[in-house]
Amino acid sequence: MKQIILTGDRPTGRLHVGHYVGSLSERVRLQNSGEFDEIYIMIADAQALTDNAEHPEKVRQNIMEVALDYLACGLDPEKVNIFIQSMVPELTELTFYYMNLVTVSRVQRNPTVKSEIQMRGFESSIPVGFFCYPISQAADITAFRATCVPVGEDQMPMIEQCREIVHSFNRIYGETLTDPKIMLPSNTACLRLPGTDGKAKMSKSLGNCIYLADDEKTVRTKIMSMFTDPDHIRIEDPGKLEGNTVFTYLDAFCTDEHFAEFLPEYSNLDELKAHYTRGGLGDVKVKKFLNNVMQSILGPMRERRAYWEARKPEVYEILKKGSEVAERKAAETLADVRAAMKINYFDDGNLMK
C-alpha cells in the first residue's frame, strides 16, 4: 500500500507558532524523510466558510497568506501537493454520501465540535455546515486515501470519527476506503501550545498568538509580556514551572545547541529549570533566552516568506497545479465510492441487463 499523508489548515488568518510545533515542522520532516509516496497539504477554505459565510473576502485573502506560511516553513512544492479545498468538488459529493453514515447525536458527542461551538458562542444557532465539519474532514482524508494524518492533539476526536465512517462504509459497501492513522507530535509540549497569556489554547480569535510572519520586534514584545509564575515576584523567589508559559515554549522549541549559542552558563533546559525552581533566576533573563531561541527559528522563515512574497504569480501556479493533482486523485476515489454504492449508473454496462 502506498504511504500517503493528508493534512491542512483553515485560511482564517496567518499561521502561528502553535501550528508550527503542532504540525508544520513535522510536515517538513516527513516530506524530507522519503517515507511517503504522496503528500497532500490542503488549504481548507470550504471549511473556513462554514463559520465565515458572511465574510468570504476574509477567507479569500488568507489563501495566499497560508500558502506563503507553508512555503516559509520549508514545504517544498516539488515534494508536496498544496491545494485549495474548494477547487476539488469531489470532496463535497463524498461528504454528502458520508452524512448518511453518521447520526446527529454522534456529531454532538464529538469533543472537538463541542469545544469549537462553545468557543464561537454558537449555542443553538449552529450553521449546519459547521456542525458537519467532522464528516467533511472524513471526506478530505479518505478522498486521497491517506494512510497517515499528522495533527495536533485537539484533532484526535475528528480522526476517530473519520475512522468510524470508514469502517461503516466498508462494512456496508465492501472494502473501498483506506483506514487512516493519526500522527501526533513526539514532543508532548507540542501537543497543545498555550497562548502567550497562559490560556490553554493559542487562538487567533483570542489574540494570544505569535505568528510565523511577525517581525523581529513584534516577536520580542510578545515574548517579554508572556505569562510566567505570578508568585515569582523577586529574583530570589523559587519559581514554579507548571503553568509557566515561557518554560512550556522552551520545552517545545529549545535544544542544547541553543544553550551553547545563547546561554552557555547552562548545558541544557534541565539545568535552567532547576535554577529557576530553587530561586535566583529572573523571568526577564529566561524570556530573553526564549526570544533568542524563537528568533533563530523564525528568522529563516521570514527570509523564505519575503522570497515568495516577491513571486506571488509563482505561488498562484503552485496552488493551481496542486489543486489539479488533488482533483484527479479525489476523482479516482469518488469513482470507487460510486461503484461500491452502485450509483455509477452510466459507467456500469450491466445496468440495462
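None of these values were measured; they are calculated from a predicted model.

Visitor: Report on the pattern of salt bridges, specifying residues and quantitative values.
Guide: Counted by the stated rule, this structure contains 22 salt bridges. Ionic pairing is found between Asp237 and Arg234, a salt bridge with its closest N-O pair at 3.1 Å. With a closest N to O distance of 2.8 Å, Arg305 and Glu309 form a salt bridge. Remark: Glu309 and Arg305 occur in helix 14 (residues 283-309); sequence separation between them is four residues, near one turn of the helix. Exposure remark for Arg305: the relative accessible area of 5% places this residue in the buried category. When salt bridges that share partners are traced, they join Arg14, Glu65, Asp69, Arg305 and Glu309 into one network.

Visitor: Can you break down the side chain of Asp237 residue by residue, with the values?
Guide: Looking at the secondary structure, you find Asp237 in the loop between helix 10 (216-224) and helix 11 (245-253). Judged by relative accessible area, which is 12%, Asp237 ranks as buried. Leaving out residues up to four positions away in the same chain, Asp237 has contacts with Asp231, His232, Tyr276, Gly279 and Gly280.

Visitor: Describe in detail helix 8 (residues 133-143), supporting the description with residues and values.
Guide: The element helix 8 is largely enclosed, with a buried count of eleven among its eleven residues. Buried within helix 8 we find Tyr133, Pro134, Ile135, Ser136, Gln137, Ala138, Ala139, Asp140, Ile141, Thr142 and Ala143. Phi turns positive, to about 50 degrees, at Arg145, one or two residues after helix 8.

Visitor: Summarise the pairing of strand 1 (residues 4-9); cite the residues concerned and give the values.
Guide: Of all six residues in strand 1, five are buried, a share of seventy percent or more. Bridge count between strand 1 and strand 2 (residues 38-43): six bridges; the pairing is parallel. Its bridge partner lying in strand 2, Asp9 is registered against Ile43. For the segment spanning strand 1, helix 1 (residues 17-33) and strand 2, crossover handedness is right-handed.

Visitor: Summarise the packing of aromatic side chains; cite the residues concerned and give the values.
Guide: Inspection of every chain in the model, using the stated rule, returns ten aromatic pairs. Taking the centre distance of 4.5 Å and the plane angle of 40 degrees together, the rings of Phe259 and Phe289 count as tilted. Of the two residues, Phe259 is situated in helix 12 (residues 256-262) and Phe289 in helix 14; the sequence distance between them amounts to 30 residues. Comparing Phe259 with Phe289 shows no difference in burial state: the two are buried. Taken together, the ring pairs connect Tyr40, Phe83 and Phe144 into an aromatic cluster.

Visitor: Which residues make up the packing of helix 3 (residues 56-73) against helix 14, and what values do they have?
Guide: Closest axis-to-axis distance for the helix 3/helix 14 pair is 8 Å, and the angle between their directions is 130 degrees. Taken together, the axes of helix 3 and helix 14 are oblique relative to one another. In the packing of helix 3 onto helix 14, the handedness of the crossing is right-handed. Between helix 3, through Glu65, Leu68, Asp69, Leu71, Ala72 and Cys73, and helix 14, the contact on the second element is made entirely by Met301, Arg304, Arg305, Trp308 and Glu309. Here the residues of the contact of helix 3 with helix 14 are counted per class, giving six nonpolar, no polar and five charged.

Calculation rules
- The residue numbering used here restarts from 1 in each chain and proceeds along that chain's sequence as written.
- Residues qualify for local features only when their pLDDT is at least 70, as the model is predicted, and side-chain atom pairs are given and counted only at 80 or more; totals for whole chains, interfaces and linings, by contrast, use all residues.
- To obtain the side-chain values, all non-hydrogen atoms of the structure were used and water was disregarded.
- We define a salt bridge as a contact between a side-chain nitrogen of Lys or Arg and a carboxyl oxygen of Asp or Glu at a distance within 4 Å.
- Runs of H or I in DSSP of at least four residues are treated as helices and runs of E of at least two as strands, each being numbered from the N terminus.
- Summary of the burial criterion: residues with accessible area below 20% of their type's maximum are buried, those above 50% are exposed, and those between are partly exposed, where the area comes from a 1.4 Å probe applied to protein chains only.
- Two residues qualify as a contact provided that any one of their heavy atoms is within 4.5 Å of a heavy atom in the partner residue.
- In short, DSSP must find at least two bridges between two strands for them to pair.
- Here the term right-handed applies to a crossover when the path leading from its first strand over the helix to its second strand runs clockwise, the strands being oriented away from the viewer.
- Only Phe, Tyr and Trp rings are paired, with Trp represented by its six-membered ring, and only when their centres lie within 6.5 Å; those with planes under 30 degrees apart are stacked, over 60 edge-to-face, the remainder tilted.
- Lines fitted to C-alpha atoms define the axes, with helix axes restricted to the stretch in contact, and inter-axis angles between N-to-C directions lie between 0 and 180 degrees.
- Working definition: roughly parallel below 35 degrees, roughly antiparallel above 145 degrees, roughly perpendicular at 65 to 115 degrees, and oblique for all remaining angles.
- Two helices that cross are described as forming a left-handed crossing if the nearer one is turned anticlockwise from the farther one by less than a right angle, and a right-handed crossing if clockwise.
- Each residue is assigned to one class: nonpolar for Ala, Val, Leu, Ile, Met, Phe, Trp, Tyr, Cys and Pro, charged for Asp, Glu, Lys and Arg, and polar for all the others, Gly among them.

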